Amino acid sequence: ALSEIAGILEKEGIGTEIFHIGNDPVAGCNACGMCRETGRCIFDDLVNVCIEKVKSCDAVIVGSPVYYASANGALTAFLDRLFFSGSRHFYLKPAAAVASARRAGTTATLDQINKYFLISQMPVISSQYWNMVHGNKPEEVKQDLEGLQTMRTLGRNMAWMLKCIEA
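Here's what I pulled together on the structure shown here. Not measured: the values here are computed from a predicted model.

## Some words on the overall build of the protein
Thought 1: On a plain count of helices and strands, the protein comes out with seven helices and four strands.
Thought 2: The principal-axis extent of the C-alpha atoms belonging to the protein is close to 45 × 40 × 25 Å.
Thought 3: Here the protein holds 167 residues, and 41% of them are scored as buried.
Thought 4: The contacts of the protein with a sequence gap of at least 6 include a subset with a gap of at least 24, amounting to 72%.
Thought 5: As displayed, the protein offers around 9,400 Å² of accessible surface, 54% of which is attributable to carbon and sulfur atoms.
Thought 6: If the 16 positive side-chain charges of the protein are averaged to one point and the 17 negative ones to another, these points end up 2 Å apart.

Now the structure itself:
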């Protein structure tokens, strides 16, 4: 799904990078507050790498598989720390959430991810349908023609917004 969006953005002349949080455990926020003083999380991991990337990016798209009708737990821990420690770098950057599921839980996942954007005052970019794809494996997602069309529309809408902001 993210590759489908990236392809459209690239065709529109907008550079992309897909940032994977990987399979390593991600510590949850312990609410120490040190990041408010330093602008970095005390856990020196991919969250701090991502904060540096967010400083120079123009938009953010977050994708997650659905686990138990919500976003992946590692992603939730990552986003909690990312948005708490790097919140000032998200202000007014367009954002979109994407969910991938075998069957259900996508709307709850989209709602969960969108709340990070909304509390950070980020314009949320939509498509012609909910930003979701269905399939248990990548080859099954490739068969979700409606979902892939939704991703392409999302890519075009994000490109339009970025070009409007640039103008």
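## Brief notes about helix H3 (residues 46-56)
Thought 1: Of all the residues in H3, the buried ones are Val47, Asn48, Cys50, Ile51 and Val54. Taken end-on, H3 shows its buried residues confined to a sector of 155°, consistent with a single buried face.
Thought 2: On the buried face of H3, the contacting elements are helix H4 (73-85).
Thought 3: With a side-chain oxygen lying 3.1 Å from the backbone nitrogen of Val47, the N-terminal cap of H3 falls on Asp45.

## Comments concerning the pattern of salt bridges
Thought 1: Tallied over the full model, the rule gives seven salt bridges.
Thought 2: Linking Arg81 and Asp45 is a salt bridge whose minimum nitrogen-to-oxygen distance equals 2.8 Å. One end of the pair, Arg81, is in helix H4; the other, Asp45, is in the loop between helix H2 (34-38) and H3, and 36 residues separate them in sequence.
Thought 3: Using a relative accessible area of 2% as the deciding quantity, one classes Arg81 as buried.

## Some thoughts on the packing of H3 against H4
Helices that pack against each other are described as a pair by the angle of their axes relative to one another and the distance between those axes.
Thought 1: In contact at an axis separation of 10 Å, H3 and H4 are set at 50° when each is read in the N-to-C sense. Comparing the axis directions of H3 and H4 gives the class oblique. Like other packed secondary-structure pairs, H3 and H4 cross with a definite hand, here right-handed. Listed contacts from H4 to Leu46, Val47, Cys50 and Ile51 of H3 are Phe78, Arg81, Leu82 and Ser85.
Thought 2: When grouped by side-chain class, the residues that make up the contact of H3 with H4 number six nonpolar, one polar and one charged.

## Examining the environment of Gly39
Thought 1: Relative to the elements of secondary structure, Gly39 occurs in the loop between H2 and H3.
Thought 2: Excluding residues within four positions of it along the chain, Gly39 makes contact with Ile51, Ser85 and Arg88.

About the cut-offs
Residues numbered from 1 in each chain as written. Predicted model: local features only at pLDDT ≥ 70, side-chain atom pairs only at ≥ 80, totals over all residues. Heavy atoms only, no water. Helix = DSSP H or I, 4+ residues; strand = E, 2+ residues; numbered from the N terminus. Buried < 20%, exposed > 50% of the residue type's maximum accessible area, 1.4 Å probe, protein only. Contact = heavy atoms within 4.5 Å. Areas by Shrake-Rupley, 256 points an atom, 1.4 Å probe, with all protein chains shown as cover. Lys, Arg positive; Asp, Glu negative; His and termini not counted. Charge placed at Lys NZ, Arg CZ, Asp CG, Glu CD. Arc of directions from axis to C-beta. Polar contact = N/O pair within 3.5 Å; in protein donor to acceptor, adjacent residues only side chain to side chain. Salt bridge = Lys/Arg side-chain N within 4 Å of Asp/Glu carboxyl O. Axes fitted to C-alpha atoms, helices over the stretch in contact; angles between N-to-C directions. Parallel < 35°, antiparallel > 145°, perpendicular 65-115°, else oblique. Left-handed = near helix turned anticlockwise from the far one by under 90°. Nonpolar A, V, L, I, M, F, W, Y, C, P; charged D, E, K, R; others polar.

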